[in-house]
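# Structural characterization, general
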Amino acid sequence: MAAIYQAVYRRASSLLCRLHSTYVRKMRYLNELKEDDSLCRQAQTSGTFYLFHNLSPFLQKVGKKYLVPQLSAAEMKRILEKFQKTEQWIEKSVLIGCSDEHVPHFALDLGALEKSVIESELKGLFTDLRKALFVLDEKDSSLLASGQSLLQWHDSHQYCSKTGQPTQKNVAGSKRVCHASGIIYYPQMSPVVITLVSDGSRCLLTRQPSFPQGMYTALSGFCDVGESVEEAVRREVAEEVGLEVDSLWYSASQHWPFPSSCLMIACHALVRAQQAEISMNSLELEEARWFGLEEIMEGLKREPRSSKQANSILLPWFPPKQAIAHQLICEWVKQQTS
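Residues numbered from 1 in each chain as written. Predicted model: local features only at pLDDT ≥ 70, side-chain atom pairs only at ≥ 80, totals over all residues. Heavy atoms only, no water.

### Quick word on the domain arrangement of the protein
Taken domain by domain, the protein holds domain 1 (22-157) and domain 2 (190-302 + 315-337). Look at where the C-alpha atoms of domain 1 and domain 2 centre, and you get two points 33 Å apart. Taken residue by residue, the interface counts 12 residues in domain 1 and 10 residues in domain 2. Taking both sides of the interface into account, the surface hidden between domain 1 and domain 2 amounts to around 870 Å²; carbon and sulfur atoms contribute 66%. Run the count over domain 1 and domain 2 and you get zero salt bridges. Put simply, domain 1 and domain 2 have three residue pairs in polar contact (both at pLDDT 80 or more) between them. Mapped by element, the contributors of at least two residues to the side of domain 1 that touches domain 2 are α6 (129-135) and α7 (138-156). A total of six residues in the side of domain 1 that touches domain 2 trace back to one element, the largest contributor, which is α7. When its residues are assigned to classes, the side of domain 1 that touches domain 2 shows five nonpolar, five polar and two charged. (Domains from an automatic or database assignment. Contact = heavy atoms within 4.5 Å. Buried area = accessible area lost by both parts, 1.4 Å probe. Salt bridge = Lys/Arg side-chain N within 4 Å of Asp/Glu carboxyl O. Polar contact = N/O pair within 3.5 Å; in protein donor to acceptor, adjacent residues only side chain to side chain. Helix = DSSP H or I, 4+ residues; strand = E, 2+ residues; numbered from the N terminus. Nonpolar A, V, L, I, M, F, W, Y, C, P; charged D, E, K, R; others polar.)

Next up, the structure:
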């Protein structure tokens, strides 16, 4: 009887697996790779690799477009052999995703090798990630952001904070373990609120001194320990521009790798028009001002960094489509025009 029940269970499980969506199967496969070192090590022999050099991703220019090449495991082996490195270097890679066909994607930093020689060999360039995000599509941007954040985390967490002993990453790079204490460390993200403030007919955008010339964006700041998202939004708006939020609502979220791995939590906030006089915190901001609908719509048409007129007057431009600040601004425009 037990054998019959087991056979029925296996058939039911098989049917359930066939009914699962591609997404569910992919997520479960990724989870298996994170938990099973031997399975992940095997996947490294058939996966594809995104290359970095000291956290700068490798890009190739094809015509007017920039692409992120995915190197096969065989190509990685050839390159490592050319630099007289063993295949054990592959284990320095971290898992960052997989295709719908279950081809795993890994990120590998070759910072110890000569950058110009790799670029010549593969006919491309290692590019600062901030610049890369301006020219790549959303899928590639997301993978590169994940890869850089994970590689950076492993580089800065090589020792246990309790014992001082070296930690060891698992094959997938989803955690590090201190064998002396048994402590398991997992990659962490810092929550950041990014808020588009409006007084009903205008929206408020700001600049920091480190921004490219002409670029304005929404207010942002790290959440403090113990704060809710709502409390963080109200505090940041009060601290940076001296305004009191009347109401706010959530829009979306996005992983952002700067300055380290951050979770951007995007919100809209409304202040009262009669209390909308800006009192800017000059220690944090270079400029903060209100923008009307027409000026926002014109700014959205401009290409990044193309804000200078013939008379040398700088015209404002906004973050690229890949940034969640762009989404907030577009949502505000839609609200105003609907």
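Here the narrative resumes, following the displayed structure.
### Some thoughts on the nonpolar core
Judged by nonpolar contacts, the single largest core of 27 residues is most densely connected at F49, L51, M76, L110, I118 and L122. Considering each element in turn, this core owes the most residues, four residues, to helix α4 (residues 73-82). Core analysis: the next-biggest nonpolar cluster, separate from the first, contains 20 residues, M264, A266, W332 and V333 among them. (Core = buried A, V, L, I, M, F, W, Y, C linked by side-chain atoms within 4.5 Å. Buried < 20%, exposed > 50% of the residue type's maximum accessible area, 1.4 Å probe, protein only.)

### A short note on the confidence of the model for the protein
Note that predicted coordinates carrying low pLDDT should not be read in detail. Averaged over all residues, the pLDDT of the protein is 90; the fraction at 70 or higher stands at 92%. Model confidence for the protein, summarised as mean pLDDT per element, is weakest for helix α1 (residues 2-19) at 52 and strongest for helix α8 (residues 229-241) at 98. (pLDDT = per-residue confidence, 0-100.)

### Looking at the pairing of strand β2 (residues 56-62)
Note: strand β1 (residues 48-53) against β2, two bridges, orientation antiparallel. Paired with H53 across the two strands is S56, which belongs to β2. Where β2 and strand β7 (residues 125-126) come together, two bridges link them in antiparallel fashion. Pairing of F58 across the sheet is with F126, part of β7. Pairing geometry for β2 and strand β3 (residues 65-67), over three bridges, is antiparallel. Directly across from Q60, in β3, lies its bridge partner L67. In this antiparallel pair of consecutive strands, β2 and β3, the connection spans two residues, and G63 shows a positive phi of 65 degrees. (Pairing = 2+ DSSP bridges.)

### Let's talk about the pattern of salt bridges
Within the structure shown, the criterion is met by 15 salt bridges. Taking the shortest distance from any N to any O, the salt bridge between R207 and E286 comes out at 3.0 Å. Separated by 79 residues along the polypeptide, R207 in strand β12 (residues 203-207) and E286 in the loop between β15 (262-270) and β16 (287-291) bring together distant segments of the chain. Using a relative accessible area of 42% as the deciding quantity, one classes E286 as partly exposed. With its nearest N and O atoms 3.5 Å apart, the salt bridge here joins D224 to R235. On the criterion of sequence distance, the pair formed by D224 in the loop between β13 (219-222) and α8 and R235 in helix α8 is long-range, its members being 11 residues apart. Residue class for R235 comes out buried when judged on its relative accessible area of 17%. Linked through salt bridges whose partners overlap, the residues forming this network are D224, E227, R235, E236 and E239.

### Some points on the sheet that holds strand β8 (residues 168-169)
Spatial ordering of the open sheet is given by β8-β9-β10, a layout of three strands whose pairing is antiparallel. Single-partner strands in this sheet number two, and they are β8 and β10 (184-185). Taken together, the two bridges between strand β9 (residues 176-177) and β10 define a ladder with antiparallel strand orientation. Residue pairing across strands places V177 opposite I184, the latter belonging to β10.

### A short note on the pairing of β15
Remark: a regular strand shows side chains that alternate across the two faces of the sheet. Here β15 lies mainly inside the structure; seven of its nine residues are buried. Direction of pairing for strand β11 (residues 190-198) relative to β15: parallel, over a ladder of nine bridges. Bridged to L196 within β15 is H268. Of the strand pairs in this sheet, strand β14 (residues 247-256) and β15 are connected by nine bridges, and their pairing is antiparallel. When the bridges of β15 are listed, W256 appears paired with C262.

### Let's talk about the side chain of T167
Structurally, T167 can be placed in the loop between α7 and β8. A distance of 2.8 Å separates a polar atom in the side chain of T167 from a polar atom in the side chain of R176. Residues in contact with T167, not counting those within four places in the same chain, are H157, Q158, Y159, C160, R176, V177, C178 and Y185.

### Let's talk about helix α10 (residues 324-337)
In a regular helix each residue adds 1.5 Å, so 14 residues correspond to 20 Å; α10 covers 20 Å between its end C-alpha atoms and thus fits that length. All of the buried residues in α10 are I324, A325, H326, L328, I329, W332 and V333. Residues of α10 that are buried make contact with β11, β12, β14, β15, β16 and α9 (293-301). (Expected span 1.5 Å × (residues − 1).)

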